[in-house]
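Commentary on secondary and tertiary structure
Below, each chain spelled out in residue letters.
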Amino acid sequence: MWLPERNRKSVSYFLPIAVLSALALASACTVQPLYSNHPVAASAISDSTSAQLNSVAVKPVTTRYAQEIRNHLIFYFGGGKGEPENPAYELELGVTKLNEVSTFVQIADEDQPTARTLTLISSYRLTKAGAEVARGRRQVSSQYDVPTQEFANLRAEIDAENRAARELAELLRLAVAQDLKRTGPR
């Protein structure tokens, strides 16, 4: 490549500066693998709090959607090992469901729902040896379409319940971890 003499000198001065700038920018990047074995949310909880979460037993519940939340919590608390043999803490859940119409479409002089919002509301009570350690309340909403076929409508509602239950269990796990961290080991 032919450059006049004065342009060659300016390029030779500019090149090291450009390379150093590019290296500085690249070193500032915090890239993490997309499919890592260690989820980001799990790393946010300290080892002592994680050990306390491993010792939380979740009391039985009565509804299908509450059972979904309970199953997810047992998995999250124990890291997939199931319920603890000798739990130090007990978590009592109260779960309610609201299913409201979000959108109406008028068909043949009638308003028919075409979308719904399902909200799961959970109150929790964490105890240790019968004494209350913490209590709280969390809620999650999930939207779904209302098809005209009855089975498809039922399946859409169940799928919305499952999505909301999984997300609510994650919120409850973080809330209980915060409560345990705040109270400290007893």
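If you're wondering where the values come from, they're calculated on a predicted model, not measured in any experiment.

The rules behind the values
- Residues numbered from 1 in each chain as written.
- Predicted model: local features only at pLDDT ≥ 70, side-chain atom pairs only at ≥ 80, totals over all residues.
- Heavy atoms only, no water.
- Helix = DSSP H or I, 4+ residues; strand = E, 2+ residues; numbered from the N terminus.
- Buried < 20%, exposed > 50% of the residue type's maximum accessible area, 1.4 Å probe, protein only.
- Contact = heavy atoms within 4.5 Å.
- Axes fitted to C-alpha atoms, helices over the stretch in contact; angles between N-to-C directions.
- Parallel < 35°, antiparallel > 145°, perpendicular 65-115°, else oblique.
- Left-handed = near helix turned anticlockwise from the far one by under 90°.
- Nonpolar A, V, L, I, M, F, W, Y, C, P; charged D, E, K, R; others polar.
- Core = buried A, V, L, I, M, F, W, Y, C linked by side-chain atoms within 4.5 Å.
- Expected span 1.5 Å × (residues − 1).
- Phe/Tyr/Trp six-rings, centres within 6.5 Å; stacked < 30°, edge-to-face > 60°.
- Lys NZ or Arg CZ within 6 Å of the ring centre and 35° of its normal.
- Polar contact = N/O pair within 3.5 Å; in protein donor to acceptor, adjacent residues only side chain to side chain.

Moving on, we get to the overall build of the protein. For the protein, the count of helices and strands is five helices and four strands. Walking the protein from its N terminus toward its C terminus, one meets helices and strands in the order α-α-α-β-α-β-β-β-α. When burial is assessed residue by residue, the protein has 30% of its 186 residues classed as buried. Considering only contacts in the protein between residues 6 or more positions apart, those separated by 24 or more positions represent 63%.

Turning next to the packing of helix H4 (residues 64-78) against helix H5 (residues 150-183). For the pair H4 and H5, interaxial distance at closest approach is 8 Å and the crossing angle is 40°. In this view, H4 runs oblique relative to H5, as classed from their interaxial angle. Relative to H5, H4 is oriented so that their crossing is right-handed. From H4, Arg 64, Tyr 65, Glu 68, Ile 69, His 72, Leu 73, Tyr 76 and Phe 77 reach across to H5, where they touch Ile 158, Glu 161, Asn 162, Ala 165, Arg 166, Leu 168, Ala 169, Glu 170, Leu 172, Arg 173 and Val 176. Here the contact of H4 with H5 is built from residues that sort into 11 nonpolar, two polar and six charged.

Before going further, it helps to examine the nonpolar core. Grouped together as the largest cluster of nonpolar side chains are 34 residues, with contacts concentrated most on Ile 69, Leu 73, Leu 91, Leu 93 and Leu 126. In terms of residue count, H5 provides more of this core than any other element does, 11 residues in total.

Next up on the list: H5. Here H5 spans 49 Å end to end across 34 residues, near enough to the 50 Å set by a 1.5 Å rise per residue. A positive phi of about 75° marks Gly 184, the residue just after H5.

Moving on, we get to the packing of aromatic side chains. Under the counting rule described, the total for this entry stands at one aromatic pair. Note on Phe 75 and Tyr 76: the rings are 6.3 Å apart at their centroids and 65° apart in plane angle, and the pair reads as edge-to-face. Sitting over the ring of Tyr 76, Arg 173 keeps its end group 5.9 Å from the ring centre.

In this section: H4. Here H4 is 15 residues long and its end C-alpha atoms lie 21 Å apart, about the 21 Å a rise of 1.5 Å per residue gives. Of all the residues in H4, the buried ones are Tyr 65, Ala 66, Ile 69, Arg 70, Leu 73, Ile 74, Phe 77 and Gly 78. Where H4 begins, the capping side chain belongs to Thr 63, and its oxygen is found 3.3 Å from the backbone nitrogen of Ala 66. Following H4 by one or two positions, Gly 79 adopts a phi angle in the positive range, close to 65°.

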